[in-house]
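Architecture at a glance
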Amino acid sequence: MLTQIINGNILTPQGWLKDGSVLVSDGKILEVTNSDLAVIGAKVIDAKGMWIVPGFVAMHVHGGGGYDFTEADEAGFRVAIMAHLQHGATTIFPTLSASPIAKIREAAGICDQLMAEKDSPVGGLHLEGPYLNPKMAGSQYADAVKEIDEAEYKSLVEETHCIRRWDISPELPGALDFARYMKQKGILAAITHTEAEFEQIREAYEAGFTHVAHFYNAMPGFHKRHEYKYEGTVESVYLMDGMTVEVIADGRHLPSTILRLVYKLKGVERTCLVTDAMAYAACEHPQVDPRFVIEDGVCKLADHSSLAGSLATMDDLVRTMVKAAIPLADAVRMASETPAKLIGVSDRKGTLERGKDADILVLDRKLNVCGVWSMGVEVPGTNKL
């Protein structure tokens, strides 16, 4: 079936295209054209002057709709995926927080199964831990962190097909060999929950740690020990020109000034937006674990000692960045094009171009989602045009 989306401002790799149209057939983009004349035989969708942008790529998301991916429940996986899909995340990399290896294997089996389904929005599995610095892991992961086990991580990668990204603390013994192995396998190795300073970050980058998870969160900045001052992980990452970062742009984890700083220093092509969302995201009546409390639009540890995770969806991130004075086109690119490139799916995802998957969003003037098409198919409950 031929579908034509007309009468909108279309974000293309060359910039905004006004009064054009996007032609879709069999799950692919046939053409992005500057003509909005109706094509004979096409189902015409009028965007009513709104923004037509590529679907978002959610490369760090722990759950949603009341389910956490670490539960390793197929039905829960599907609910969480749909919850984020309805908010514009047309490519999703379910994230497992520090978990027992048996549980990771179980979740990987579900992920492998979902990825094999036709037109699946699941791009692969993202692991955060369990090889984390205990000092930086947070109390909720205290019982799950462990030392790096080479035989363990190699067997996981060899026996599954879905792992696309794995985050650990780079200062742990064996971390550099871990990064070299992941690079060899085409898996994105990222730095997380760390207290590494410049030399460790430099060595990590050279070994293959090219990305940094939830930049500024769970890592030190410039600090003092006794009478001397030292660079933190944050400053060290800024000095690695080629290293990419992600920010939790929910308006709570980082203030707008820091979001603008990251945008200014790292730029659009080295910065991506992530939700780091917990199960309580996109959930109308969340059943909150007693370890946590939901306040001020974010999840905190019950003792208020730290943030525990985000309640954001991908569209929230774009709105937050625009409120922080980031141009809309750049905010969208950091939620779509940049993560698609970083995690290796930019041949199919991330931009509205001929031949790519028809993952398309329509956003209104307040940047609310008014339509989501995943592989050319309208996502239930999203069309408000």
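A brief look at the structure comes next.

From N to C terminus, the protein includes ten helices and 23 strands. A globule of 385 residues ought to have a C-alpha radius of gyration of about 21 Å, and the protein, at 20 Å, matches this closely. Here the C-alpha coordinates of the protein stretch approximately 70 × 45 × 40 Å along the principal axes. Considering the protein as a whole, with its 385 residues, one finds that 56% of them fall into the buried category. By sequence separation, contacts in the protein at least 24 residues apart represent 67% of the contacts at least 6 residues apart. Carbon and sulfur atoms provide 50% of the accessible area of the protein, an area that totals close to 16,000 Å². Each charge sign in the protein was given a centre, from 38 positive and 52 negative side chains, and these centres are 5 Å apart.

Inspection of every chain in the model, using the stated rule, returns two cavities of 30 Å³ or more. Put simply, the largest cavity is a space of about 40 Å³. In terms of lining, the largest cavity is formed by Pro54, Gly55, Arg348, Lys349, Gly350, Thr351, Asp357 and Asp359. In terms of residue class, the lining of the largest cavity is built from one nonpolar, three polar and four charged. Along its surface, the second largest cavity is lined by Thr3, Ile5, Val24, Ile360, Trp373 and Gly376.

What follows covers the sheet that holds strand β19 (residues 298-301). Read from one edge to the other, the open sheet built from three strands follows the order β18-β19-β20, with strand pairing classed as antiparallel. Two strands bound the open sheet, and with one partner strand each, they are β18 (292-295) and β20 (307-309). Averaged over neighbouring strand pairs, the angle between their axes works out to 45° when direction is ignored.

A word on the layout of surface pockets. Taken as a whole, the second largest pocket spans an internal volume of roughly 290 Å³. Lining the second largest pocket are 17 residues, and of these Arg78, Ile81, Met82, Leu85 and Pro121 lie nearest its centre. Counting residues per element, the ones that place at least two in the lining of the second largest pocket are α1 (74-85) and β23 (377-378). At four residues, α1 tops the list of elements feeding residues into the lining of the second largest pocket.

So, on to the pairing of β19. Walk down a regular strand and you will see the side chains alternate between the two sheet faces. Judged from the four bridges that link them, β18 and β19 form a sheet pairing that is antiparallel. In the strand pairing of β19, valine 293 is matched with lysine 300. Hairpin connection between β18 and β19: a loop of two residues separates the two successive antiparallel strands, and aspartate 296 in this loop has a positive phi of roughly 55°. The sheet contact formed by β19 and β20 spans two bridges and is antiparallel. When the bridges of β20 are listed, lysine 300 appears paired with leucine 307. Hairpin remark: β19 followed by β20, antiparallel, with five residues in the connecting loop; positive phi at histidine 304, about 65°.

Within the secondary structure layout, lysine 349 lies in the loop between α10 (337-342) and β21 (360-363). The class of lysine 349 is buried, set by a relative accessible area of 6%. At 2.9 Å, the side chain of lysine 349 and the side chain of aspartate 357 are in polar contact. Apart from the residues within four sequence positions on either side, lysine 349 is in contact with Thr91, Ala340, Lys356, Asp357, Asp359 and Met375.

Next up on the list: the packing of aromatic side chains. Here the structure, examined in full by the defined rule, presents 13 aromatic pairs. Between tyrosine 153 and tyrosine 181, the aromatic rings sit 5.7 Å apart at their centres with planes inclined by 50°, giving tilted as the arrangement. In this pair, tyrosine 153 is assigned in helix α3 (residues 150-159) and tyrosine 181 in helix α4 (residues 175-184), connecting sequence segments 28 residues apart. Across the pair, tyrosine 181 and tyrosine 153 agree in class, each one buried.

Right, let's talk about the side chain of serine 310 for a bit. Turning to its location among the elements, serine 310 is positioned in the loop between β20 and α8 (314-323). Side-chain polar atoms of serine 310 contact the backbone oxygen of threonine 275, separated by 2.9 Å. Engagement of the side chain of serine 310 in a polar contact is seen with the backbone nitrogen of alanine 312, the distance being 2.8 Å. Apart from residues lying up to four places away in sequence, serine 310 is in contact with Ile248, Asp250, His253, Thr275, Asp276, Ala277, Met278 and Ala281.

We now examine the pairing of strand β11 (residues 163-168). A large share of β11 lies buried, amounting to five of its six residues. Bridge analysis of β11 against strand β12 (residues 188-191) gives four bridges, and the strand direction is parallel. Considered in β12, the bridge of tryptophan 166 is made with alanine 189.

The next point concerns helix α5 (residues 198-207). Every buried residue of α5 is accounted for by Ile201, Ala204 and Ala207. Buried residues of α5, seen end-on, are gathered within an arc of 125° and therefore sit on one face of the element. Those residues of α5 that are buried lie in contact with α4, β12, β13 (209-212) and α6 (233-239). Once α5 finishes, glycine 208 follows within two positions and takes phi at roughly 135°, a positive value.

Criteria and thresholds
Residues numbered from 1 in each chain as written. Predicted model: local features only at pLDDT ≥ 70, side-chain atom pairs only at ≥ 80, totals over all residues. Heavy atoms only, no water. Helix = DSSP H or I, 4+ residues; strand = E, 2+ residues; numbered from the N terminus. Rg over C-alpha atoms; globule rule 2.2 N^0.38 Å. Buried < 20%, exposed > 50% of the residue type's maximum accessible area, 1.4 Å probe, protein only. Contact = heavy atoms within 4.5 Å. Areas by Shrake-Rupley, 256 points an atom, 1.4 Å probe, with all protein chains shown as cover. Lys, Arg positive; Asp, Glu negative; His and termini not counted. Charge placed at Lys NZ, Arg CZ, Asp CG, Glu CD. 1 Å grid on protein atoms, 1.4 Å probe; cavity = no way out; pocket = protein on both sides within 12 Å on 5 of 7 lines; lining within 4 Å. Points joined across faces, edges and corners; volume = space filled by probe spheres on them. Nonpolar A, V, L, I, M, F, W, Y, C, P; charged D, E, K, R; others polar. Pairing = 2+ DSSP bridges. Axes fitted to C-alpha atoms, helices over the stretch in contact; angles between N-to-C directions. Polar contact = N/O pair within 3.5 Å; in protein donor to acceptor, adjacent residues only side chain to side chain. Phe/Tyr/Trp six-rings, centres within 6.5 Å; stacked < 30°, edge-to-face > 60°. Arc of directions from axis to C-beta.

Purely spatial values, then, with no claim about function.
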